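What follows is the residue order along each chain.
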Amino acid sequence: MNTQYNDPKGAAGALKTPLGLIPPYAMEQTALAHKLGAEKYGPFNWRDTGVCVSTYINAIMRHINAFRDGENLDPESGISHLAHIACSCNILLDADYCDTLQDDRNIAPQNFPDKLEYEPEHLLNDVLQEFYADNNGYVALDGDATIEEGDEYYDIYEREWVKSAYVGMPITASKLLYRRPIVEEHPKRADTECECGRYKINHYTLGVTCEDCDLQWQDPY
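Residues numbered from 1 in each chain as written. Predicted model: local features only at pLDDT ≥ 70, side-chain atom pairs only at ≥ 80, totals over all residues. Heavy atoms only, no water.

### Some details on the sheet that holds strand β3 (residues 138-141)
Pairing is antiparallel across the open sheet formed by 4 strands, whose spatial order is β3-β6-β4-β5. This sheet does not close on itself; its edge strands, each paired only once, are β3 and β5 (160-163). Going from strand to strand, the sheet's axes swing by 40 degrees on average, the running direction of each strand aside. Where β3 and strand β6 (residues 178-181) come together, 4 bridges link them in antiparallel fashion. Within β6, the residue paired with A140 across the bridge is R179. (Pairing = 2+ DSSP bridges. Helix = DSSP H or I, 4+ residues; strand = E, 2+ residues; numbered from the N terminus. Axes fitted to C-alpha atoms, helices over the stretch in contact; angles between N-to-C directions.)

Spelled out as structure tokens, the structure:
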């Protein structure tokens, strides 16, 4: 979706979280599920008391299994099982954001972040220092940059650079290190290719000609 903005506020707003992309019906149904929880336990109760991951994982699995068996609506609430799943995911996300999430997952050792040689933050600092010491044709992107085709981020768990799939998105809130390849433009290179496959250049005496052969090119316009 490409929207042309001709006002400063519209252009600035385009860089913020696009809340308008959440489907209204999905938002409405999820809000109804949240309303039931608020009536039972109080609104935003997970921010006050904290919640266990396993509690909501189990609830999500129960709703998933009921939906898999062909039941669309929860018989107790009359609301879609999918809305209940979305509601549980919202709570997990918000509790994690508010630092009230009690992580009781049974995490496999090979995926456990603490098993890294360094903590992620320390590892990222080391990568950042190495990057500035020898950037190898790349430039680091700061938090105000917009991701472009070819930009890469450093995966702290796999310990390698990976091309980003979020082209066009700002990286303001990201804690990752992004880099962009430096493309050096040929000062004399034209935008077209010669018949021999090489680029045409703007020669100071011959005009537009090939950079590698004797074929001279005349502008047809």
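There is more to say after this.
### Observations regarding the side chain of S88
Relative to the elements of secondary structure, S88 occurs in helix α5 (residues 81-97). Leave out the neighbours within four places in its chain, and S88 touches Y56, A59 and I60. (Contact = heavy atoms within 4.5 Å.)

### Considerations on unusual backbone geometry
Backbone geometry at F44 places phi at a positive 55 degrees, although glycine is not the residue there. Within the element layout of this structure, F44 appears in the loop between α2 (24-41) and α3 (45-49). Unusually for a residue other than glycine, D99 sits at a positive phi of about 60 degrees. Here D99 is to be found in the loop between α5 and β2 (101-102). By relative accessible area, D99 is classed as exposed at 69%. (Buried < 20%, exposed > 50% of the residue type's maximum accessible area, 1.4 Å probe, protein only.)

### Concerning the pattern of salt bridges
The final tally for this structure, using the stated rule, is 7 salt bridges. The salt bridge partner of R180 is D151, with a shortest N-O separation of 2.8 Å. A residue pair is termed long-range when its members are at least 10 positions apart, and R180 in strand β6 and D151 in the loop between β3 and β4 (152-155) qualify at 29 residues. One exposure class covers both R180 and D151, and it is buried. The structure contains a network of salt bridges with shared partners spanning E148, D151 and R180. (Salt bridge = Lys/Arg side-chain N within 4 Å of Asp/Glu carboxyl O.)

### Thoughts on α5
The terminal C-alpha atoms of α5 lie 25 Å apart, and with 17 residues this matches the ideal 24 Å at 1.5 Å per residue to within 8%. Restricting attention to buried positions, one finds in α5 the residues H81, A83, H84, I85, C87, S88, I91, L92, D94 and A95. Where α5 begins, the side chain of S80 points an oxygen toward the backbone nitrogen of L82, at a separation of 3.0 Å. With its phi angle positive at about 60 degrees, D99 sits one or two positions after the end of α5. (Expected span 1.5 Å × (residues − 1). Polar contact = N/O pair within 3.5 Å; in protein donor to acceptor, adjacent residues only side chain to side chain.)

Don't take any of this as a statement about function, it's just geometry.
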